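# What the coordinates show
If you want the building blocks of each chain, they are given just below.
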Amino acid sequence: MGVGSYMDALSEAASEALQRPVKLQSTSGGGFSGGGGASTAAVKDAESDTKYFVKAASHGDKMLKAEFLGVKEMAETNTIRVPTPVAFGNYQNKAFAIFEYLDFTGGGSQYELGQQLAKMHRHYSNQGFGFHVDNTIGATHQPNLPWMDNWADFWDTHRLGHMLKLTNDAGLSHDKVEKLRQKTKELMSHNPPPSLLHGDLWGGNKGFCRDGGKVVPVIFDPATYYGDREADVAMTYLFGGFNGDFYKGYEDEWPLPSGSWND
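Residues numbered from 1 in each chain as written. Predicted model: local features only at pLDDT ≥ 70, side-chain atom pairs only at ≥ 80, totals over all residues. Heavy atoms only, no water.

### Focus on the side chain of Arg81
Basically, it comes down to this: In DSSP terms, a helix is any run of H or I states spanning at least four residues, a strand is any run of E spanning at least two, and both are numbered starting from the N terminus. Summary of the burial criterion: residues with accessible area below 20% of their type's maximum are buried, those above 50% are exposed, and those between are partly exposed, where the area comes from a 1.4 Å probe applied to protein chains only. Counted as a polar contact is a pair of N or O atoms within 3.5 Å, where, for protein atoms, one must be capable of donating a hydrogen and the other of accepting one, and residues adjacent in sequence contribute only when both atoms are in side chains. Residue contacts are counted whenever heavy atoms from the two residues lie within 4.5 Å of one another.
Along the chain, Arg81 falls in the loop between helix 2 (61-75) and strand 4 (85-91). We classify Arg81 as buried; its relative accessible area is 17%. Side-chain polar atoms of Arg81 contact the side chain of Asp211, separated by 3.0 Å. Contacts of Arg81, omitting those with residues within four sequence positions, involve Glu100, Leu102, Gln116, Cys209, Asp211, Val216, Pro217, Val218 and Ile219.

In structure tokens form, the structure reads like this:
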């Protein structure tokens, strides 16, 4: 595969999406992302000197397209910063997604990060729980369809039930699996609204970038779907990286239900 021909495909996709001539060339700085087996690279437009971030994967059409659509869904809320999706395309056996190139930096306000995440969570789906397409969390398939009206049923079917199938019930007996699923459904039966979620919000998928002279929080590499906002908040506790200011910002913007979310 010639580098030039691949660059031509990237340039054509970007030109069509931006409705102006774009001539992309390789440049330094591949960014921070690369989950799910995708390769990452930075490219620069020779016409405008604008830098872009590219993710690509062999036979990764569905995976990258789902990520592209998820980032687009979050971007359209105009709440928390995400890398603006530019274009999606294919070249030979490779799928690619082009995003805005973010100028990452240290510092930034975790309080603001919490506030803006809560604002994004206020965006609901009128179709219920799920997403327009199935996607992946890392490299693992994550089913989102069919849409479901009940959160506990969605989680039992598309999350817990799905993972149990992938792991052959994790070595548990049928009786223990049934008890686990029933208890989990009881804990989740509080009828939350279907909020727009990042879906994979561990510490490595958030950061801070320079934007118009300010340092702002940003989230990326999502496994987007509409679900209970507590799922995003729970993920932040899994590996750390979110401090008390983050949780205070979230609570000040939209307090979590007292009691139930701790369970």
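### Section: the domain arrangement of the chain
What counts here: Start and end points for every domain follow an automatic or database-based domain assignment. Throughout, buried area stands for the accessible area (probe radius 1.4 Å) lost by two parts on being put together, summed over both. One speaks of a salt bridge when a side-chain nitrogen belonging to Lys or Arg is within 4 Å of a carboxyl oxygen belonging to Asp or Glu.
One can read the domain layout of the chain as domain 1 (6-101) and domain 2 (105-253). Summing both sides of the interface, domain 1 and domain 2 together bury roughly 1800 Å²; the carbon and sulfur share of this comes to 69%. Counting the surface domain 1 buries against domain 2, the share from its top three residues, Met74, Ile80 and Arg81, is 34%. Where domain 1 meets domain 2, there are 2 salt bridges. Residue Lys55 is joined to Asp221 by a salt bridge in which the shortest nitrogen-to-oxygen separation is 3.1 Å.

### What to know about the sheet that holds strand 10 (residues 206-211)
The criterion, for reference: What makes two strands pair is DSSP finding at least two bridges between them.
Pairing in this open sheet of 3 strands is antiparallel, and the strands run 6-10-11 from one edge to the other. Two strands bound the open sheet, and with one partner strand each, they are strand 6 (103-104) and strand 11 (214-219). Judged from the 2 bridges that link them, strand 6 and strand 10 form a sheet pairing that is antiparallel. Within the sheet, the bridge partner assigned to Asp103 lies in strand 10 and is Arg210.

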